[in-house]
Amino acid sequence: MSFSPLPNLFLEYLERAGGPTGRLLDLGCGDGSFFLPLLHSGVRPVGIDRRGPAAGTVAAVVGDVHQPPVLRGSQDVVVAANLFRHIISDDPLARFLDQWQQLVKPHGALFLFEDEPARGPGPAGNYRDLQSFLCRLMPEARGPLLARSEFENSFGAPASAGCWEFGTCKNELAPDRDAVRRMLEGGGLTSGGEAARLSRAIEQEGLAYGDFWWACWRRNAE
Ligand SMILES: C[S@@+](CC[C@H](N)C(=O)[O-])C[C@H]1O[C@@H](n2cnc3c(N)ncnc32)[C@H](O)[C@@H]1O
């Protein structure tokens, strides 16, 4: 699970997608952290990722989420969790959003989930700084946390085919702070004094995901 508690609106769509003909597509599924806990609700998510199972993902489809190899209008629910911020720099106009919306059936929905960057210092500020640090180390694969307001202002306009709805919740999950400190202190990711500074801040103040935001785009009836 990447985010908890999941919003009621998402759980309602999940219930609908749990029927015998229901279809849920998880874009950028990775190791299934978001996807695997959903199996309890009866849905059978299909994951797509550019890295296949040999690289440790649960992808049933290996492909590029910029143009998912999936039939238009075939999905009850399309989910992108922890994905948007990593791919927006490849396509700053986010034309892939249009591709994702086209996969959704009438009355179906596209959901995005992202961590909200904390404004100040403290445990959630350390998580924000950790994400910026990782992003500087691996700019080709990672993006910094993105605020809901930035997404809303740039991409949240209503359109004829559907409209967006947004929410923010506190993420009650706890990151594995010891694993993060081991990673920062390990040789592989050491970068000047920044890794050591972050590790000290995490030790002294803690580490928390803070808030997360979700965006739901619902397709209108045809
Ligand atoms: C941060 S992980 C998120 C995994 C999962 N959704 C979660 O919430 O735990 C991002 C995943 O997106 C995948 N990814 C990034 N860019 C992609 C692309 N253009 N096409 C397909 N997958 C991509 C990465 O391989 C990675 O597994």
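Refer to the structure printed above.
For clarity, every value in this text was computed on a predicted model and none was experimentally measured.

This part takes up the overall build of the protein. Counting secondary structure elements, the protein contains 7 helices and 7 strands. Along the protein, helices and strands appear, N-terminal first, in the series α-β-β-β-β-α-α-β-α-α-β-α-α-β. For the protein, the C-alpha atoms occupy an extent of roughly 55 × 40 × 30 Å along the three principal directions. Counting only residues that meet the buried cut, the protein has 50% of its 222 residues in that class. Look at the contacts in the protein between residues 6 or more apart in sequence, and 74% of them connect residues 24 or more apart. With an accessible surface of roughly 10900 Å², the protein has 51% of that area assigned to carbon and sulfur atoms.

Looking now at the side chain of Asp26. Tracing the sequence through the fold places Asp26 in strand β1 (residues 24–27). In this structure, Asp26 is buried with no salt-bridge partner, the nearest side chain bearing the opposite charge being Arg51 at 12 Å. Those residues in contact with Asp26 that sit more than four places away from it in its chain are Phe34, Phe35, Val46, Gly47, Ile48 and Val79.

Let us now look at the packing of helix α4 (residues 123–137) against helix α7 (residues 194–205). Helix-helix packing is described using two parameters, namely the angle between the two axes and the distance between the axes. Following both chains from N to C, one finds α4 and α7 inclined at 160 degrees, their axes separated by 10 Å at the closest point. The orientation of α4 with respect to α7, classified from their angle, is roughly antiparallel. With respect to the hand of their crossing, α4 and α7 are arranged in left-handed fashion. Every residue of α7 that contacts α4 at Pro123, Asn126, Asp129, Leu130, Phe133 and Arg136 is listed here: Glu194, Ala195, Arg197, Leu198, Ala201, Ile202 and Glu205.

Our next topic: unusual backbone geometry. A cis amide bond links Ser4 with the next residue in sequence, Pro5, at an omega value of 0 degrees. Position of Pro5 among the secondary structure elements: in the segment before α1 (8–17). Of note in this structure, Ala94 is not a glycine but carries a positive phi near 55 degrees. Owing to a relative accessible area of 5%, Ala94 belongs among the buried residues under this scheme. Its identity is not glycine, yet His107 carries a phi of approximately 75 degrees, on the positive side. With respect to the helices and strands, His107 occurs in strand β5 (residues 104–115). With relative accessibility at 52%, the residue His107 sits in the exposed group.

For a regular strand, side-chain orientation follows a simple rule: the groups alternate between the two sheet faces. Counting buried residues in strand β7 (residues 211–219) gives 7 out of 9 residues, a clear majority hidden from the surface. Pairing between β5 and β7: 7 bridges, direction antiparallel. Paired with Phe111 across the bridge in β7 is Cys216.

Under the definition given, this model contains 9 salt bridges. For the salt bridge of Glu194 with Arg136, the shortest nitrogen-to-oxygen distance reads 2.1 Å. Of this pair, Glu194 sits in helix α7 while Arg136 is found in helix α4, placing the two residues 58 residues apart along the sequence. Given a relative accessible area of 25%, Glu194 falls into the partly exposed group. Residue Arg136 is classed as exposed on the basis of its relative accessible area, which comes to 51%. One salt bridge in this structure joins Arg218 and Glu165, with 2.5 Å as the shortest N-O distance. Linking Arg218 in strand β7 with Glu165 in strand β6 (residues 162–170), this pair joins segments that are 53 residues apart in sequence.

Conventions used here
Residues numbered from 1 in each chain as written. Predicted model: local features only at pLDDT ≥ 70, side-chain atom pairs only at ≥ 80, totals over all residues. Heavy atoms only, no water. Helix = DSSP H or I, 4+ residues; strand = E, 2+ residues; numbered from the N terminus. Buried < 20%, exposed > 50% of the residue type's maximum accessible area, 1.4 Å probe, protein only. Contact = heavy atoms within 4.5 Å. Areas by Shrake-Rupley, 256 points an atom, 1.4 Å probe, with all protein chains shown as cover. Lys, Arg positive; Asp, Glu negative; His and termini not counted. Salt bridge = Lys/Arg side-chain N within 4 Å of Asp/Glu carboxyl O. Axes fitted to C-alpha atoms, helices over the stretch in contact; angles between N-to-C directions. Parallel < 35°, antiparallel > 145°, perpendicular 65-115°, else oblique. Left-handed = near helix turned anticlockwise from the far one by under 90°. Pairing = 2+ DSSP bridges.

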